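# Residue-level structural notes
Residues per chain, in single letters:
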Amino acid sequence: DVQMTQSPSYLAASPGESVSISCKASKSINTYLAWYQEKPGKTNKLLIYSGSTLQSGTPSRFSGSGSGTDFTLTIRSLEPEDFAVYYCQQHNEYPFTFGSGTKLEIK
Amino acid sequence: EVQLQESGPGLVKPSQSLSLTCSVTGYSITSNYWGWIRKFPGNKMEWMGYISYSGSTSYNPSLKSRISITRDTSKNQFFLQLNSVTTEDTATYYCARFYYVMDAWGQGASVTVSS
């Protein structure tokens, strides 16, 4: 199975700041990486797939980059609703595997 | 708008079977793929498997001998059965619309395996 290493596990930032979350795969997954947002009381939300393609409805302050084994989720100018847990998931090969999550909290 | 809702027992005894239902509204399960994912305490997530629009299935090899995903198209529901559970199967179980990525999720059903 492809192992996904996500970092940091915890991140504190202020509204208006920009943050980046890293996801590294144990082997090349081409560009097949997705990012999800998890918030209490809400269903998980697909933000980005295929590395950099924004899902319909994802605000443009979210961006994804990377290919091969190294990927990054960047959130520019944080809004209050962005404080959540973020997961990456490789969708290059079965079984699909996830990163361990990054909790983004308000500083 | 597609909506998914998991339901089933919140407590299962070791060695028994875990059975969950995913009820889908706003979209037919005879289109697309439909999957199950679980999140363990500590936040590790595991993709469990899917059932396709045609009824074919694919499972995570780590679960292959214990898992079954089936469906009832007349009720627009699909089901998860996990046999011979242990305490390590304690998790929140999610159903989702799936095509390599999960673009619609249920709220999740918490299942504890304990005697």
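Provided above is the structure to which this section pertains.
Being a predicted model, the structure only gives us computed values, none of them experimental.

## Notes on the pairing of strand β11 (residues 102-106) of chain A
Residue and element names in this part refer to chain A. Inspection of the sheet shows strand β2 (residues 10-13) paired to β11 by 4 bridges, in the parallel sense. Across the sheet, the residue bridging to Tyr10 is Lys103, located in β11. By the bridge criterion, 2 bridges tie strand β9 (residues 85-90) to β11 in an arrangement that is antiparallel. Bridge pairing in β11 links Tyr86 to Thr102.

## Quick notes on the nonpolar core
The biggest cluster of nonpolar side chains holds 28 residues, and the ones touching the most others in it are Leu4(B), Leu18(B), Trp36(B), Phe78(B), Leu80(B) and Tyr93(B). Here the element with the most residues in this core is strand β3 (residues 18-25) of chain B; it accounts for 4 residues. Sequence-distant contacts of Leu80(B), defined by excluding residues within four places in its chain, comprise Leu18(B), Ser19(B), Leu20(B), Trp36(B), Met48(B), Ile67(B), Ser68(B), Ile69(B) and Tyr93(B). Counting residues in hydrophobic clusters, the runner-up holds 23 residues, among them Cys23(A), Ala25(A), Ile48(A) and Cys88(A).

## Quick look at the sheet that holds strand β7 (residues 62-67) of chain A
Residue and element names in this part refer to chain A. The strand order β1-β3-β8-β7 describes an open sheet built from 4 strands, whose pairing is antiparallel. Only two strands of the sheet have a single neighbouring strand rather than two, namely β1 (4-7) and β7. Across the sheet, the mean angle separating the axes of adjacent strands is 15° when strand polarity is ignored. For strand β3 (residues 19-25) and strand β8 (residues 70-75), the ladder comprises 6 bridges, and the chain directions are antiparallel. Looking at the pairing, Ile21 lines up with Leu73 of β8.

## Description of the sheet that holds strand β7 (residues 67-72) of chain B
What holds strands together in a sheet is hydrogen bonding between their backbones, with the strands either parallel or antiparallel. Residues and elements named next belong to chain B. The antiparallel open sheet is built from 4 strands, whose spatial order is β1-β3-β8-β7. Whereas interior strands pair on both sides, the edge strands pair on one side only; in this sheet they are β1 (3-7) and β7. The mean inter-strand angle of the sheet, taken between neighbouring strand axes irrespective of direction, is 20°. Pairing of β3 with strand β8 (residues 77-82) involves 6 bridges; the strand directions are antiparallel. The residue bridging Ser19 from the neighbouring strand is Gln81, located in β8.

Criteria and cut-off values
- Per-chain numbering applies: the sequence of each chain, read as written, is numbered from 1 onward.
- Chains carry letters from A onward and ligands carry numbers from 1 onward, assigned in written order.
- Only residues with pLDDT of 70 or above have their local features reported here, since the model is predicted, and side-chain atom pairs are shown and tallied only from 80 upward, although totals for entire chains, interfaces and linings are computed over all residues.
- Hydrogens and water molecules were not included; the side-chain quantities draw on all heavy atoms of the structure.
- A pair of strands is considered paired only if DSSP assigns at least 2 bridges between the two.
- Each helix is a run of H or I in the DSSP string that is no shorter than four residues. Each strand is a run of E no shorter than two, and both are numbered from the N terminus.
- Within this scheme, the nonpolar core is defined by two criteria: the residues are buried Ala, Val, Leu, Ile, Met, Phe, Trp, Tyr or Cys, and they are joined through side-chain atoms within 4.5 Å.
- Burial classes follow relative accessibility: with a 1.4 Å probe on protein chains only, a residue under 20% of its type's maximum area counts as buried, one over 50% as exposed, and anything between as partly exposed.
- Only heavy atoms matter for contacts: two residues are in contact if any of them lie within 4.5 Å across the pair.
- The axes are straight lines fitted to the C-alpha atoms, using for helices just the contacting stretch, and the angles between their N-to-C directions are given from 0 to 180°.

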